[in-house]
Amino acid sequence: MIDEVAMRSTRIYEKVVDRLKASIANGEYMPGDPLPSERNLMEQLGVSRSSLREAFRVMELLGLIESIPGKGRFVRQPQAAEGEGASIQLEDSAILELMEARRILDPAIAAESAMRATPADLMKIMRVISLTEKMMALPSSRAQADFDFHLALAEATHNFVFVNITRMNFDLILATHDKIYGHLEDKNAFLNEHRRMYDAIFDHDAEGARQSAAAHIERIYKTLNRTFSAAAK
């Protein structure tokens with residue numbers, strides 16, 4: 001059972017998603033199996049209907065389940081729960097397209113987090129930045145630190161769509177971290193740009209957060225575009 005009172009500081013729906021993903025991964029629910037009714041799952045997990053339905057929306061976005069009108073919700077492929085994206089290696093053009101999408105998404109997420117961030121959200125973002133300072137040596141550790149930072153910003157929006165878009169984007173980025181972060185050697189700029197975003201969010205300066213995020217992702221996009229173009233010659 002998931003204790004909603006004890007878990008107020010986290011997103012309850014994320015705990016529901018984790019439990020259902022584990023059930024799919026261990027074979028309790030197989031591809032094509034229907035999920036139990038909402039009432040049964042509410043009783044099993046000890047959560048509200050709203051938390052359960054939010055979890056369903058996330059799982060549909062992740063491609064783990066599908067809803068069939070008049071029939072219910074059914075399990076899709078369980079391997080998605082195991083993060084098969086780890087075997088993906090994106091082409092240079094696909095990496096640039098991913099960054100192009102982030103040129104739109106990241107400033108919006110930063111601005112929204114500036115408007116909605118709670119003191120707990122701000123503490124989490126600052127803690128991630130502090131840890132980032134110790135994780136700059138290897139591309140893989142910088143990739144993880146970058147993910148942790150942008151996920152903390154997305155969580156500060158209190159919008160599950162932003163959270164899960166960020167997760168899906170970084171599933172691809174982390175899978176190809178060597179082709180991305182290996183070319184981003186400007187570690188001080190990386191950290192300073194994160195700090196500037198945090199400062200604007202701390203001040204609840206939505207426009208400042210938007211501009212800082214836009215400058216950050218624009219620099220990364222231009223660096224990768226220049227590097228990939230030179231390699232293609």
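Residues numbered from 1 in each chain as written. Predicted model: local features only at pLDDT ≥ 70, side-chain atom pairs only at ≥ 80, totals over all residues. Heavy atoms only, no water.

### Observations regarding the overall build of the protein
In terms of regular secondary structure, the protein is built from 10 helices and 2 strands. N-terminal to C-terminal, the α/β element order of the protein is α-α-α-β-β-α-α-α-α-α-α-α. The burial tally for the protein puts 43% of its 233 residues in the buried class. Pairs at least 24 residues apart make up 72% of the contacts formed inside the protein by residues separated by at least 6 positions. (Helix = DSSP H or I, 4+ residues; strand = E, 2+ residues; numbered from the N terminus. Buried < 20%, exposed > 50% of the residue type's maximum accessible area, 1.4 Å probe, protein only. Contact = heavy atoms within 4.5 Å.)

### Considering empty space enclosed by the protein
Think of a ball as big as a water molecule: rolled over the atoms, this probe shows where empty space is left. In total, this model carries 1 cavity of 30 Å³ or more according to the counting rule given. In this structure, the largest cavity encloses a volume near 100 Å³. Lining the largest cavity we find Arg102, Leu105, Asp106, Ile109, Ala110, His150, Leu153, Ile165, Thr166, Asn169 and Phe170. Among the secondary structure elements, those contributing two or more residues to the lining of the largest cavity are helix H4 (92-116), helix H6 (139-156) and helix H7 (160-175). When residues of the lining of the largest cavity are assigned to their parent elements, the largest contribution, 5 residues, is made by H4. (1 Å grid on protein atoms, 1.4 Å probe; cavity = no way out; pocket = protein on both sides within 12 Å on 5 of 7 lines; lining within 4 Å. Points joined across faces, edges and corners; volume = space filled by probe spheres on them.)

### Examining the pattern of salt bridges
Two side chains of opposite charge can pair, provided their charged atoms sit close to one another. Across all of its chains, the model carries 11 salt bridges by this definition. With a closest N to O distance of 3.2 Å, Glu38 and Arg73 form a salt bridge. With Glu38 in helix H2 (residues 38-45) and Arg73 in strand S2 (residues 72-75), the pair connects residues that are 35 residues apart, well separated along the chain. Residue class for Glu38 comes out buried when judged on its relative accessible area of 13%. Linking Arg195 and Glu133 is a salt bridge whose minimum nitrogen-to-oxygen distance equals 2.7 Å. (Salt bridge = Lys/Arg side-chain N within 4 Å of Asp/Glu carboxyl O.)

### Focus: the environment of Asp148
With respect to the helices and strands, Asp148 occurs in helix H6. Placed 19 residues apart in sequence, Asp148 and Arg167 show a C-alpha to C-alpha distance of 9.8 Å.

### Notes on unusual backbone geometry
Of all residues except glycine, most have a negative phi; of all peptide bonds, most are trans. Positive phi, close to 60°, is recorded for His158, a residue that is not glycine. By secondary structure assignment, the location of His158 is in the loop between H6 and H7. Positive phi, normally seen in glycine, also occurs at His204, with a value near 55°. Turning to its location among the elements, His204 is positioned in the loop between helix H9 (187-202) and helix H10 (206-232). Since its relative accessible area comes to 43%, His204 is described here as partly exposed.

### Structural notes on the pairing of strand S1 (residues 65-68)
In this structure, S1 lies alongside S2, joined through 4 bridges in antiparallel fashion. What sits directly across from Ile65, in S2, is Val75. (Pairing = 2+ DSSP bridges.)

### Things to note about the environment of Ser67
Among the structural elements, Ser67 can be located in strand S1. When the C-alpha positions of Ser67 and Phe56 are compared, they lie 9.1 Å apart, and in sequence the two are 11 residues distant. Once residues within four sequence positions are removed from consideration, Ser67 is found in contact with Glu60, Gly72 and Arg73.

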